[in-house]
Every structure is written in structure tokens, then in C-alpha cells.
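Each chain, letter by letter, is given below.
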Amino acid sequence: MQIISIKQFDLLLEGKMTPAVSGKYFEAVNPSNGVVMARLADADILDAEIAVNGARLAFDHGRWPQMTVAERSEYLLKIGKLIREHAKELAELECLGGGKTIKHATFIDVPTCAETFEHYGNMPGCLSCETIKVHSPVLSQIEREPVGVVVAIIPWNYPLIMTAWKIAPALLAGNTVILKTSHWASASIMYLAQLIASVGLPKGVCNIITSNQNGIGKHLVGHADVNMISFTGSTQTGQQVMAEASKT
């Protein structure tokens, strides 16, 4: 498979696609032939700060956490619908960016990504308040609340699927999210970011950044305004993530 032209992707920050503050981009290379297939915005610490500040503001003062679960689920269903409508483009980028076969990307990665958003979009009742029967003259209830700003970090091997696994449940629960992709395979995710930007999520609710620079993940993980880390990757890096996150 050959891509006709080199695509360029910006960051998803504060509800819109925007270049990195530095204006820099890095090249994404098709691992099957070494050919440049996309240019991706190269986020640095300033961009990470914009993401965190936007997500913090959206959670603390925005309407997203106060929406009903059913209202938030509507956005997830819209995203799932757009994924299916743009399946061909997503599959091509997943194939070219990560070295998958087009068959695998078409029949596994893209459908699973859509199904994940649809799955969580179709289960708004899962976070309902529960009354627990106790042998005392008291009212005992379980009420589930969002934790706040969630930073999600993923590896290169299942970009679209892992993005959905991280983002969909966090958003449904009322959290705001910052996803940091692997610089090895980000093109399909940033195309998905464009789709997410088009559904009208409140400003700062979902942020997706790419970077070819060291230290961005560490900065996000150790940030005092981040409430939760969702990490998938190597054991060694996971240990570093836990150590850095424990400081705050």
C-alpha cells in the first residue's frame, strides 16, 4: 500500500486541532518501507501544560462532570458513528503507521475502536447510585463520581484500540482526559482526534498530544493537577511511572 500524499496532523487541545507552540513537526515513517507517510505536531512541555490546564479547568469549572451519564454517552456514540463512517481512512493510517496488514486494521483494529465507544455509550446505567441493604436504621448508598484529570499513556502496537480503551470509559465517568500517544504510531490516532474534535465536546474535556521529545510523559505523570494515570507499556517504564506519580 502506498499513501498518495504526506498528511499533516496537529494536536487536540482545548477542543480544537492546533499546532504545537513551537510550530515543530516530526516525521512518521511507514515501517514496511521506510517512507515518510505523515508529519505530526511535536508537543513540548508548553503544550503539555496547555493540555493539563485546559483539562483541569474543564473538570473544575466546566459542565462535563455535572452532565448526566446519559448525556455524556451521546458523545461516545457520535464518536463511534464517525469511526465507522471513516473506517477506510483510519484503517489505512493504522496500517501505514504501525506496520499492520490492511486486513488486520480493517477487520480488527478499526471495528474494535468503534465498538468500544459504542459499548460505553450504550451503558449509561452502569454508574447509577446503588442503595445497599444494611441491618441498621441508616441509609447506605454507593455513589460513583469522576476522579478528575486523567492522563493516559499508550504504546505503539494497538493505537486505535488502546485509545478507545483509555478514553471512552474515562469520559463516560465524567473525567477529563489527556492522551499521550507513542511517537512510533500516532497518525491514525490523530485522525481520530480530528473526528473527536468535530463532535462538540466541551472545551478541554479531551486532549490528545503527540511528541518526539523525551520528558513529556514524565512531566504529565508527575503533574500536581493530574488525578489519575492510566498507563500501558513495559514493566520498567511502569515502575518509573508509579514512582513519579507517587510524588503527587
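Everything here concerns the structure above.
Residues numbered from 1 in each chain as written. Predicted model: local features only at pLDDT ≥ 70, side-chain atom pairs only at ≥ 80, totals over all residues. Heavy atoms only, no water.

1. Quick look at empty space enclosed by the protein
Now for step 1: For the coordinates displayed, the defined rule picks out 1 cavity of 30 Å³ or more.
Now for step 2: One number sums up the size of the largest cavity: a volume of about 60 Å³.
Now for step 3: Taken together, Leu12, Gly15, Ile196, Ala197, Leu201, Pro202, Gly204, Val205 and Cys206 make up the full set of residues lining the largest cavity. (1 Å grid on protein atoms, 1.4 Å probe; cavity = no way out; pocket = protein on both sides within 12 Å on 5 of 7 lines; lining within 4 Å. Points joined across faces, edges and corners; volume = space filled by probe spheres on them.)

2. Details of the pairing of strand E4 (residues 25-29)
Now for step 1: Here E4 runs beside strand E5 (residues 36-41); their pairing, made up of 5 bridges, is antiparallel. For Tyr25, the partnering residue across the bridge sits in E5 and is Ala41.
Now for step 2: The hairpin formed by E4 and E5 contains 6 residues between the paired strands, and Gly34 there has a positive phi angle of roughly 75°. (Pairing = 2+ DSSP bridges. Helix = DSSP H or I, 4+ residues; strand = E, 2+ residues; numbered from the N terminus.)

3. Details of the sheet that holds strand E1 (residues 7-9)
Now for step 1: Taken in spatial order, the 3 strands line up as E1-E5-E4 in an open sheet, and their pairing is mixed. Because the sheet does not close on itself, it has two edges, and the strands there are E1 and E4. Across this sheet, the average inter-strand angle for adjacent strands is 25°, counted without regard to direction.
Now for step 2: Of the pairings in the sheet, the one linking E1 to E5 comprises 3 bridges and is parallel in character. Each bridged residue has a counterpart across the sheet, and for Gln8 the counterpart in E5 is Arg39. (Axes fitted to C-alpha atoms, helices over the stretch in contact; angles between N-to-C directions.)

4. Points about the packing of aromatic side chains
One pair of aromatic rings is described through two measures. These are the centre distance and the angle between the planes.
Now for step 1: Evaluation of the coordinates by the stated rule reveals 1 aromatic pair.
Now for step 2: An angle of 65° between the planes, with centres 5.5 Å apart, marks the rings of Trp64 and Tyr75 as edge-to-face. Highlighted residues: Trp64 in the loop between helix H1 (45-61) and helix H2 (69-85) and Tyr75 in helix H2, separated in sequence by 11 residues.
Now for step 3: For Trp64, a relative accessible area of 0% corresponds to the buried category. (Phe/Tyr/Trp six-rings, centres within 6.5 Å; stacked < 30°, edge-to-face > 60°. Buried < 20%, exposed > 50% of the residue type's maximum accessible area, 1.4 Å probe, protein only.)

5. As for the layout of surface pockets
Now for step 1: Volume-wise, the largest pocket comes out at about 610 Å³.
Now for step 2: Taken together, 26 residues make up the lining of the largest pocket; nearest its centre are Ile153, Lys180, Gly217, Lys218 and Thr237.
Now for step 3: Among the secondary structure elements, those contributing two or more residues to the lining of the largest pocket are helix H7 (216-221) and helix H8 (235-245).
Now for step 4: Across the lining of the largest pocket, the residue classes break down as 9 nonpolar, 14 polar and 3 charged. (Nonpolar A, V, L, I, M, F, W, Y, C, P; charged D, E, K, R; others polar.)

6. Topic: the packing of helix H3 (residues 87-98) against helix H4 (residues 102-121)
Now for step 1: Viewed as axis vectors pointing N to C, H3 and H4 meet at an angle of 120°, and their least axial separation amounts to 8 Å. Here H3 lies oblique to H4, going by the angle between them. Helix-helix and strand crossings are classified by hand; for H3 and H4 the assignment is right-handed. Along the contact surface, H3 presents Ala87, Leu90, Ala91, Glu92, Glu94 and Cys95, while H4 presents Ile102, Ala105, Thr106, Asp109 and Val110.
Now for step 2: Looking at the contact of H3 with H4 residue by residue, the classes come out as 7 nonpolar, 1 polar and 3 charged. (Parallel < 35°, antiparallel > 145°, perpendicular 65-115°, else oblique. Left-handed = near helix turned anticlockwise from the far one by under 90°. Contact = heavy atoms within 4.5 Å.)

7. As for a nonpolar patch on the surface
Now for step 1: A contiguous nonpolar patch, built from Ile132, Val134, Val138 and Ile142 and spanning about 290 Å² of accessible area, is present on the exposed surface.
Now for step 2: Mapped onto the elements of the fold, Val134 is located in the loop between strand E6 (130-132) and strand E7 (140-142).
Now for step 3: When its relative accessible area of 36% is taken as the criterion, Val134 is described as partly exposed. (Patch = residues over 30% accessible without salt bridge, like charges linked within 9 Å, V, L, I, M, F, W, Y side chains within 5 Å. Areas by Shrake-Rupley, 256 points an atom, 1.4 Å probe, with all protein chains shown as cover. Salt bridge = Lys/Arg side-chain N within 4 Å of Asp/Glu carboxyl O.)

8. Notes on the packing of helix H5 (residues 159-172) against helix H6 (residues 187-197)
Now for step 1: Orientation of H5 relative to H6, taken along the N-to-C sense of each, is 45°, at an axis distance of 9 Å. One finds that H5 runs oblique with respect to H6. The element H5 and its partner H6 pack so that their crossing is right-handed. Contacts between H5 and H6 pair Pro159, Leu160, Thr163 and Ile167 from the former with Ser188, Ile189, Leu192 and Ile196 from the latter.

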